[in-house]
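Okay, here's what each chain looks like letter by letter:
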Amino acid sequence: MSYPESAPARRPAVVLMAAGVLLVMAVAALAYAVVDLVVLGGTVDAFRTAARDTSASPEQIDDVVTLLRASAVLSAVVAALSAPVLAGLALGLLAGRNGVRVATWVVSGLGLLAGCCSVAVLIGERAAPLQLGSGEQAVAELLGLIGDAYPSWWIPLNAGLSVAQGLGYLVVATLLALPAANAWFGRHRSTAPTVPSAPPAFPHTPHQPPPAPPYPPR
């Protein structure tokens, strides 16, 4: 007697949407890393040109340029490394791995926190510029020129990407917590192959001699 094979469960729309959002964020991270490095050269040139009109020494200008380059390279590296992580999470979600869903929640929480911090830093720099002592007035002038050295669209783009990043992580985490996603990942977890357990062993009983026959009557 044969039993009909059950048809494989289709991925719910919420899982497909979550994976799609992660893939879009991965592509955006790679694009940001490339644009960040491309913009760096023109930003450094514009900064050096504006720094000539300040009271800063050439050594101070070089120090700020080094800081500017290190910050841009670090941002590009972080964005480039996050792209394969996001793509791997998307593929794991499509494969129905519940552990990847948990890892996605962790990454989403960290990414949401990072996005909020980036927006807070950008707003803080605009609302309350850095104040230094009178002996470091030249450094304060140089730091105030960094924002103007970037293209006019760069700062709004960073702010928009930070907000979009936070919203993207929030959407992904919410989609993976919906009942349809819970049922689908639970199905994959319950259908995992299990190793059959050994049959229970019977307790060993020591050998007992047969009872002696009754003593014959005389």
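Please refer to the structure placed before this passage.
Conventions we followed
- Residues numbered from 1 in each chain as written.
- Predicted model: local features only at pLDDT ≥ 70, side-chain atom pairs only at ≥ 80, totals over all residues.
- Heavy atoms only, no water.
- Helix = DSSP H or I, 4+ residues; strand = E, 2+ residues; numbered from the N terminus.
- Contact = heavy atoms within 4.5 Å.
- Expected span 1.5 Å × (residues − 1).
- Buried < 20%, exposed > 50% of the residue type's maximum accessible area, 1.4 Å probe, protein only.
- Arc of directions from axis to C-beta.
- Core = buried A, V, L, I, M, F, W, Y, C linked by side-chain atoms within 4.5 Å.
- Axes fitted to C-alpha atoms, helices over the stretch in contact; angles between N-to-C directions.
- Parallel < 35°, antiparallel > 145°, perpendicular 65-115°, else oblique.
- Left-handed = near helix turned anticlockwise from the far one by under 90°.
- Nonpolar A, V, L, I, M, F, W, Y, C, P; charged D, E, K, R; others polar.
- Phe/Tyr/Trp six-rings, centres within 6.5 Å; stacked < 30°, edge-to-face > 60°.

1. Re the environment of Leu93
Mapped onto the elements, Leu93 comes out in helix α2 (residues 58-94). Residues contacting Leu93, with those up to four places away along its chain left out, are Val15, Leu22, Val100, Arg101, Thr104, Leu176, Trp184 and Phe185.

2. Here's the deal with helix α4 (residues 137-149)
Turn by turn, an α-helix covers 3.6 residues, leaving residues three or four places apart pointing in a common direction. Here α4 contains 13 residues, and its C-alpha end-to-end distance of 19 Å stays within 8% of the 18 Å for a straight helix at 1.5 Å per residue. Here α4 has its buried residues at Ala138, Leu142, Leu145, Ile146 and Ala149. Axial view of α4: buried residues confined to an arc of 120 degrees, hence all on one face. Contacts from the buried residues of α4 go to α1 (13-51) and α2.

3. Description of the nonpolar core
Core analysis: the biggest nonpolar cluster contains 43 residues, and Leu22, Phe47, Ile61, Leu142 and Phe185 have the highest contact counts within it. For this core, the elements supplying multiple residues, two or more each, are α1, α2, α4, α5 (154-176) and α6 (179-190). Ranked by residue count, the leading element in this core is α1, at 15 residues. When neighbours within four sequence positions are excluded, Leu142 is seen to be in contact with Phe47, Ala51, Thr54, Ala56, Gln60, Ile61 and Val64.

4. Some thoughts on the packing of α2 against α4
The contact between α2 and α4 brings their axes to 10 Å, and the two run at 40 degrees. The orientation of α2 relative to α4 falls into the category oblique. Once α2 is placed against α4, the crossing between them reads as right-handed. On α4, the residues touching Gln60, Ile61, Val64 and Leu68 of α2 are Ala138, Val139, Leu142, Leu143 and Ile146. Residues belonging to the contact of α2 with α4 are distributed by class as follows: eight nonpolar, one polar and no charged.

5. Focus: the environment of Val171
With respect to the helices and strands, the residue Val171 is situated in helix α5. The partly exposed category is assigned to Val171, whose relative accessible area is 40%. Sequence separation between Val171 and Val21 is 150 residues, and the spatial gap between their C-alpha atoms is 8.3 Å.

6. Notes on the packing of aromatic side chains
A complete count under the given rule lists four aromatic pairs for this structure. For the pair Tyr32 and Trp154, a centre-to-centre distance of 5.7 Å together with 15 degrees between the ring planes defines the contact as stacked. Linking Tyr32 in helix α1 with Trp154 in helix α5, this pair joins segments that are 122 residues apart in sequence. Taken together, the ring pairs connect Tyr32, Tyr150, Trp153 and Trp154 into an aromatic cluster.

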